[in-house]
Protein chains: 2
Amino acid sequence: MKISKIGQFALIDSIKRQNPSAGNDVVVSIGDDAAVIKNKTKGKYLLFTTDTLVEKTHFVLKYSTFFELGWKLLAVNISDIAAMGGIPKYALVTLGLTKDINIKDMNDLYSGIRSLAKKYGVEIIGGDTVTSKRALFFTLDLIGSAERPVKRTGAKPGDAIISIGSIGGSAVGLKNLRKYGRKALNIDRSNVKAHLTPSPMVKEGRLASKYATSMIDNSDGLARCLIEMFGSGKVGAKIYLDRLPIAKGATMKDAFDGGEDYNLILTVPKKTAKLIKNAIIIGEVTNSKKIFLVDRKGRISAMKAKGYEHF
Amino acid sequence: MKISKIGQFALIDSIKRQNPSAGNDVVVSIGDDAAVIKNKTKGKYLLFTTDTLVEKTHFVLKYSTFFELGWKLLAVNISDIAAMGGIPKYALVTLGLTKDINIKDMNDLYSGIRSLAKKYGVEIIGGDTVTSKRALFFTLDLIGSAERPVKRTGAKPGDAIISIGSIGGSAVGLKNLRKYGRKALNIDRSNVKAHLTPSPMVKEGRLASKYATSMIDNSDGLARCLIEMFGSGKVGAKIYLDRLPIAKGATMKDAFDGGEDYNLILTVPKKTAKLIKNAIIIGEVTNSKKIFLVDRKGRISAMKAKGYEHF
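So, here's what we can say about the structure. (Residues numbered from 1 in each chain as written. Chains lettered and ligands numbered in written order. Predicted model: local features only at pLDDT ≥ 70, side-chain atom pairs only at ≥ 80, totals over all residues. Heavy atoms only, no water.)

Once that is clear, we can look at the overall build of chain A. Helix and strand content of chain A: nine helices and 13 strands. Expected size for 311 residues packed as a compact globule is a radius of gyration near 19 Å; at 20 Å, chain A falls within 12% of this value. Based on the C-alpha atoms only, the size of chain A along its principal axes is roughly 65 × 50 × 30 Å. The burial tally for chain A puts 59% of its 311 residues in the buried class. By sequence separation, contacts in chain A at least 24 residues apart represent 84% of the contacts at least 6 residues apart. (Helix = DSSP H or I, 4+ residues; strand = E, 2+ residues; numbered from the N terminus. Rg over C-alpha atoms; globule rule 2.2 N^0.38 Å. Buried < 20%, exposed > 50% of the residue type's maximum accessible area, 1.4 Å probe, protein only. Contact = heavy atoms within 4.5 Å.)

Rendered as structure tokens:
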């Protein structure tokens, strides 16, 4: 059934039926002018983030199912909350739809969102549906909360630089999708899955927030992470290339310039590094105000790569 | 300067510089993984809404300046908060940009957003920028707060149905833009302005929320408002056509099917109707479970129009 047959309001009704509100903090959910949440906690911090997936920019329908797209749409937003040390809570979903889209596809998209939402305790409480002439786009807005939000900047000289999770796998997964189409899932399942349905690191981020002086999720490649964390000219970094947790089959270039890995990169005072679960120390924060890479032979070079540029 | 020349990260830097955070509740603003707001008030309600403007669906660049688009993008979201009886507070802005867009245009867009934001005390604290192959789109997410949020449903038989603000002007403004282009501003300024830069009714909605049993902002035409408020089969409505505050130059069809007026439609117990400022009583809530229109001769007919359908 095409959306142009049933219209926007019937689609919203169907979305509403499939996403009943469960939590009793949600006073008004999908279908009103705004969602309403009872504000129960004073003193905590609210987190507020948004991420958009655009057809042909962020996805092509040849490689992803709508279920996977829905999953990823929520995952990339949850990852932003995880990188602040927070817990995701409430989501709005905006559908930018072409007239020929099938209702079944939208149901699959929501089914993907809901699968991950259930896993992470997120409630979908509203959104918007609009017509887009040519390309699909999906926007998700997410509210979370944190007791100790951790910024991208704030690293201190002497801190250990840590990665939780491997780097470069998503770029390899995408390359394989381009080469083999959906068959890539049989050839290189782990990297392709990392690209299509990433798992955001909420627990890891939350635990790390006790000690972290700065934290970021790796959405645009390691190079971009390092620039965001150490590029302001206040501190520098030394990265030991042989310690990087490069994903199986990935190159150094995949790790630095690829992106969409959604591992966490963070800094902690050195003595607390061993308290972080699954932490891999990849470098240390310096006074040098530049980002240096150290290879296995101890040779040092300034980082040149810039990560994925969107325009 | 084209965006493809400076890239996404330079654009974000420029947006960040132009939108410094003012309120001390905002702990982390534009440029991090998520915005962070200190949660100061317990017991109040948080409101959470989003609206998107898509090129060629919601706007054409022939008729609107980027300043006006920015204004409208925020205005339609503020209007949703107003319709809940709330105050708007924090906004995220997502830019879906084609590669050939000019930085100056984005500055104008933000300048339009900021002008209205200042008027209403809204802070822009984050967002996302993405590439869109063909059409521009802009999404704004807005958080607000309310002490007594008012839903679309909740009207009681015997309540007065009220409009604050006139109806149909935006549709006339759009028609005139289509006919005369930007010259329409000289021919029919008030209706064209109502279409390009609507003024959301926050004060009015807030005052009304003390008494209102239901409220909605008129974004998709009066017919759609009435269906949302009285279409659930629990109550009905009688609308007196000769009492409708039809905008100058507008027809009944403009009022019922036009949309984008952003006046408020609400219901209140009859005896409190006179306490609502600038209230125009347009009908009453009934037990009949249908929406009836009463013309000036007292003839009654069931409402047929359905308001603006987006697909």
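The next thing to look at is the relation of the copies chain B and chain A. Mapping one chain copy onto the other needs a rotation about an axis and a shift along that axis. Once turned by 180° and shifted 0.0 Å along the axis, chain B lies on chain A with an RMSD of 0.0 Å. Such a combination of rotation and displacement between the chain copies is what one expects of a two-fold axis. Taking C-alpha positions as the reference, the residue of chain B nearest the rotation axis is B:Lys42, at 2.6 Å. Counting the interface residues of chain B, we find that 100% of their copies in chain A are interface residues as well, pointing to one common contact surface. (Least-squares fit on C-alpha atoms with pLDDT ≥ 70 in both.)

Taken together, the side chains of A:Lys56, A:Lys99, A:Lys133, A:Arg134, B:Lys56, B:Lys99, B:Lys133 and B:Arg134 present a region of like positive charge at the surface. In this fold, B:Arg134 is placed in the loop between strand S5 (123-131) and strand S6 (137-146). By relative accessible area, B:Arg134 is classed as exposed at 58%. (Patch = residues over 30% accessible without salt bridge, like charges linked within 9 Å, V, L, I, M, F, W, Y side chains within 5 Å. Areas by Shrake-Rupley, 256 points an atom, 1.4 Å probe, with all protein chains shown as cover. Salt bridge = Lys/Arg side-chain N within 4 Å of Asp/Glu carboxyl O. Lys, Arg positive; Asp, Glu negative; His and termini not counted. Charge placed at Lys NZ, Arg CZ, Asp CG, Glu CD.)

Residues and elements named next belong to chain A. Between helix H1 (residues 3-18) and helix H3 (residues 103-120), the shortest axis-to-axis distance is 11 Å and the interhelical angle comes to 25°. Our classification of the angle between H1 and H3 gives roughly parallel. Here the hand of the crossing between H1 and H3 comes out right-handed. Two secondary-structure elements touch here, H1 through Ile 3, Ile 6, Leu 11, Ser 14, Ile 15 and Gln 18 and H3 through Ile 103, Met 106, Asn 107, Tyr 110 and Arg 114. The residue makeup of the contact of H1 with H3, split by class, is seven nonpolar, three polar and one charged. (Axes fitted to C-alpha atoms, helices over the stretch in contact; angles between N-to-C directions. Parallel < 35°, antiparallel > 145°, perpendicular 65-115°, else oblique. Left-handed = near helix turned anticlockwise from the far one by under 90°. Nonpolar A, V, L, I, M, F, W, Y, C, P; charged D, E, K, R; others polar.)

Quick look at the packing of aromatic side chains now. As enumerated under the stated definition, the model contains four aromatic pairs over all chains in all. Note on A:Phe48 and B:Phe48: the rings are 5.6 Å apart at their centroids and 70° apart in plane angle, and the pair reads as edge-to-face. Of the two residues, A:Phe48 sits in strand S3 (residues 45-54) while B:Phe48 sits in strand S3 (residues 45-54), which places them in two different chains. Residue classification places A:Phe48 among the buried positions, given a relative accessible area of 1%. With a centroid separation of 3.7 Å and 5° between ring planes, the pair formed by A:Phe137 and B:Phe137 is classed as stacked. One end of the pair, A:Phe137, is in strand S6 (residues 137-146); the other, B:Phe137, is in strand S6, on a second chain. A relative accessible area of 1% places A:Phe137 in the buried class. A:Arg243 extends its terminal NZ or CZ atom over the ring of A:Tyr240, reaching a point 4.5 Å from the ring centre. (Phe/Tyr/Trp six-rings, centres within 6.5 Å; stacked < 30°, edge-to-face > 60°. Lys NZ or Arg CZ within 6 Å of the ring centre and 35° of its normal.)

All names here are of chain A. Under the 1.5 Å per step criterion, the end-to-end length of H3 is 26 Å for 18 residues, consistent within 8% with the ideal 26 Å. Among all positions in H3, only Ile 103, Asp 105, Met 106, Leu 109, Tyr 110, Gly 112, Ile 113, Leu 116, Ala 117 and Tyr 120 are buried. Looking at the buried side of H3, the elements it contacts are H1, helix H2 (66-82), strand S4 (87-97), strand S5 (123-131), S6 and helix H7 (202-208). Gly 121, located one to two residues past H3, shows a positive phi value of around 70°. (Expected span 1.5 Å × (residues − 1).)

On the side of chain A, 70 residues touch chain B, which itself brings 70 residues to the contact. Buried area between chain B and chain A, both sides added, is near 6,100 Å², and the carbon and sulfur share of it is 61%. Remark: the boundary between chain B and chain A carries four salt bridges. Of the charged contacts in the structure, one is a salt bridge between B:Asp33 and A:Arg152, with a shortest N-O distance of 2.9 Å. Taken together, the residues of the side of chain B that touches chain A sort by class into 30 nonpolar, 19 polar and 21 charged. Pairing between S3(A) and strand S2 (residues 35-38) of chain B: four bridges, direction antiparallel. Across the sheet, A:Phe48 pairs through a bridge with B:Ala35, a residue of S2(B). (Buried area = accessible area lost by both parts, 1.4 Å probe. Pairing = 2+ DSSP bridges.)

With that settled, the discussion passes to the pairing of strand S12 (residues 291-294) of chain A. Residue and element names in this part refer to chain A. Strand direction decides the pairing type here: strand S9 (residues 236-240) and S12, joined by four bridges, are parallel. If you follow Ala 237 over to S12, its bridge partner there is Ile 291. As defined by bridge partners, S12 adjoins strand S13 (residues 300-302) across three bridges and the pair is classed as antiparallel. Bridging across to S13, Leu 293 finds its partner in Ser 301.

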